[in-house]
Amino acid sequence: MSDTPPVPRLHVETTRVDDLKLLIPLIDPRHPLIWMRKGQGIAGIGEALRLEFSGPDRMLDACAAWKEVVDAATVTDPISAPGTGLVAFGTFAFADDSAASSVLIVPRLVLGKRDGRFWITRTSVEGEDPASVVTPTARPLGPEYRISLLPGAVSAEGFRASVDAAIARIADQQLSKVVLARDLTGHLPAGSDLRRPLTDLALGYPDCWTYAVDGFVGSSPETLVRVDHGTVSARVLAGTTSRGTDAEADQEKAVALATSTKDLDEHGYAVTSVMAALTPHSRNLTVSEIPFTLKLPNLWHLASDIEGTLSDGSTSLDLIAALHPTAAVAGTPTSSALALIHELEPFDRGRYAGPVGWVGADGDGEWAVALRSAQVDESGDITAFAGCGIVTDSDPEHEYLETKMKFRPIVEAFG
Ligand SMILES: C=C(O[C@H]1C=CC=C(C(=O)O)[C@@H]1O)C(=O)O
């Protein structure tokens, strides 16, 4: 007899509503579920279904489990737009051997806004009274709090030493690029309202994907993959510099980044890895001819947009499984880079640099690379990571300062 629990039969109903003002005040202060950019997106409340995965096949297992959930569900969706109908929010661990769980969560209630359309999706499990899924009202934010995030397992010196070691391995031709991270840790006061940092992130970084799934929060500028009615797209980032202190200096920084051989090399590895992963699943795949400079409040990135048409019916979950980990967060070649990360980073990255996003019933979805993130545990412990691509011309002090810039969104949202 199989001991696999039966797949729950979900009853899902989307209805159009006239208006939804701000999404964040509507969500749970302690267990927020959100995915938004430029003020649009989806917010979730409660859990109708939670699926957990781990190990090397965590994403492929999620694909299979999601298909069963979709097949068993009854969905009424008169809008049929990205984020309507049955959706799950998801976050996946970076490493195959991570102790962090990877999850798909179907909320009881999803509130969505996109292109002037607003909707509410109610989900109940068969046997439950659908009327028990009540519409929330905005709740005032809880008391203000400010915490310090301090170096955790890796000190500034430790990070610089790891970068030195990585440069030596690259010089030895053991690999071409590796992405090394360091951690900051802190503790939140009991009952802290996570909608506060999320509001700061969403307002401060409107062009990034602001996300919260299972205590994992952040604002990422990097789209791992987006699948929408047969089109596939991604935004690859790698190569970073600081913002200038005035308009002229800022422009000079952008020009220097766009012409830096070191950053263009670092970027090239990341683009190649994404193209290689998407090519078997797409046709007409195009990439920006030369990388462009992407301006964020805390830094400049080199960016390339990739777009194509899906050729094999892959879902967004299939594609995150194919793409992860790209050379923007691991390195090149992938296996040597992962081995070096394992050797030089004395911590489990958890969900940092893994895929975070959502998937719909038809497999479409939007996934970011979980950068500029922090994991908040039930105890209030918080851990954040930031990393940099190391190539042959990297400089340890420069890379350390780059991690400081990358921590800024999280450090300022919580501090
Ligand atoms: C690994 C991170 O950023 C990646 C994405 C953009 C630019 C990067 C870089 O310039 O090193 C990294 O590849 C991070 O933010 O922790």
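Residues numbered from 1 in each chain as written. Predicted model: local features only at pLDDT ≥ 70, side-chain atom pairs only at ≥ 80, totals over all residues. Heavy atoms only, no water.

(A) Seen up close, the UniProt feature "domain: Chorismate-utilising enzyme C-terminal" (unreviewed entry) in the chain. The UniProt feature table records "domain: Chorismate-utilising enzyme C-terminal" (unreviewed entry) at residues 156-406. For residues 156-406, helix accounts for 34% and strand for 35%, while the C-alpha atoms at its two ends are 14 Å apart. (UniProt positions renumbered as here; feature names shortened; annotations may be inferred. Helix = DSSP H or I, 4+ residues; strand = E, 2+ residues; numbered from the N terminus.)

(B) Broad picture of the packing of aromatic side chains. Counted by the stated rule, this structure contains 5 aromatic pairs. Ring geometry for Phe 92 versus Trp 367: centroids 5.9 Å apart, planes at 55°, classification tilted. On the criterion of sequence distance, the pair formed by Phe 92 in the loop between strand 6 (87-91) and strand 7 (102-106) and Trp 367 in strand 21 (residues 365-369) is long-range, its members being 275 residues apart. Three or more aromatic residues joined by ring pairs form one cluster here, namely Phe 347, Tyr 352 and Phe 385. When the ring centre of Trp 209 is taken as reference, the NZ or CZ atom of Arg 37 above it lies at 4.0 Å. Positioned above the aromatic ring of Tyr 400 is the side chain of Arg 160, whose terminal nitrogen or guanidinium carbon lies 5.0 Å from the ring centre. (Phe/Tyr/Trp six-rings, centres within 6.5 Å; stacked < 30°, edge-to-face > 60°. Lys NZ or Arg CZ within 6 Å of the ring centre and 35° of its normal.)

(C) Focus on the site of the ligand. In the vicinity of the ligand, 18 residues are found, and the nearest of them are Thr 240, Ala 328, Tyr 352, Arg 372 and Gly 387. Contacts to the ligand include Arg 372, whose side-chain N or O atom sits 2.7 Å from an oxygen atom. Take Gly 389: an N or O atom from its main chain is 2.8 Å from an oxygen atom of the ligand. Here the ligand has 390 Å² of accessible area as a free molecule, and 100% of this is covered by the chains. Only strand 15 (231-242), strand 23 (381-390) and helix 8 (396-414) provide two or more residues apiece to the shell around the ligand. Of the residues that constitute the shell around the ligand, the class distribution is 8 nonpolar, 5 polar and 5 charged. (Near = heavy atom within 4 Å. Polar contact = N/O pair within 3.5 Å; in protein donor to acceptor, adjacent residues only side chain to side chain. Areas by Shrake-Rupley, 256 points an atom, 1.4 Å probe, with all protein chains shown as cover. Nonpolar A, V, L, I, M, F, W, Y, C, P; charged D, E, K, R; others polar.)

(D) Focus on the packing of helix 2 (residues 156-171) against helix 8. Where helix 2 contacts helix 8, the axes come no closer than 9 Å and their chain directions differ by 125°. Classed by the angle they form, the pair helix 2 and helix 8 counts as oblique. Along this stretch, helix 2 crosses helix 8, giving a crossing that reads as right-handed. Residue-level contacts link Ala 156, Phe 159, Arg 160, Val 163, Asp 164 and Ile 167 of helix 2 to Pro 396, Glu 397, Glu 399, Tyr 400 and Thr 403 of helix 8. In terms of residue class, the contact of helix 2 with helix 8 is built from 6 nonpolar, 1 polar and 4 charged. (Axes fitted to C-alpha atoms, helices over the stretch in contact; angles between N-to-C directions. Parallel < 35°, antiparallel > 145°, perpendicular 65-115°, else oblique. Left-handed = near helix turned anticlockwise from the far one by under 90°. Contact = heavy atoms within 4.5 Å.)

(E) Region of interest: the side chain of Thr 123. With respect to the element layout, Thr 123 can be found in strand 9 (residues 117-125). Excluding its chain neighbours within four sequence positions, the residues that come into contact with Thr 123 are Leu 10, His 11, Val 12, Ala 48, Val 106, Pro 107, Arg 108 and Val 133.

(F) Examining the nonpolar core more closely. The biggest cluster of nonpolar side chains holds 69 residues, and the ones touching the most others in it are Trp 66 and Leu 104. In contact with Trp 66, not counting residues within four places along its chain, are Leu 86, Val 87, Ala 88, Leu 104, Val 106, Leu 317, Val 359, Gly 360 and Ala 361. The next biggest cluster of nonpolar side chains, apart from the first, holds 39 residues, and it includes Cys 208, Val 217, Met 405 and Ala 413. (Core = buried A, V, L, I, M, F, W, Y, C linked by side-chain atoms within 4.5 Å. Buried < 20%, exposed > 50% of the residue type's maximum accessible area, 1.4 Å probe, protein only.)

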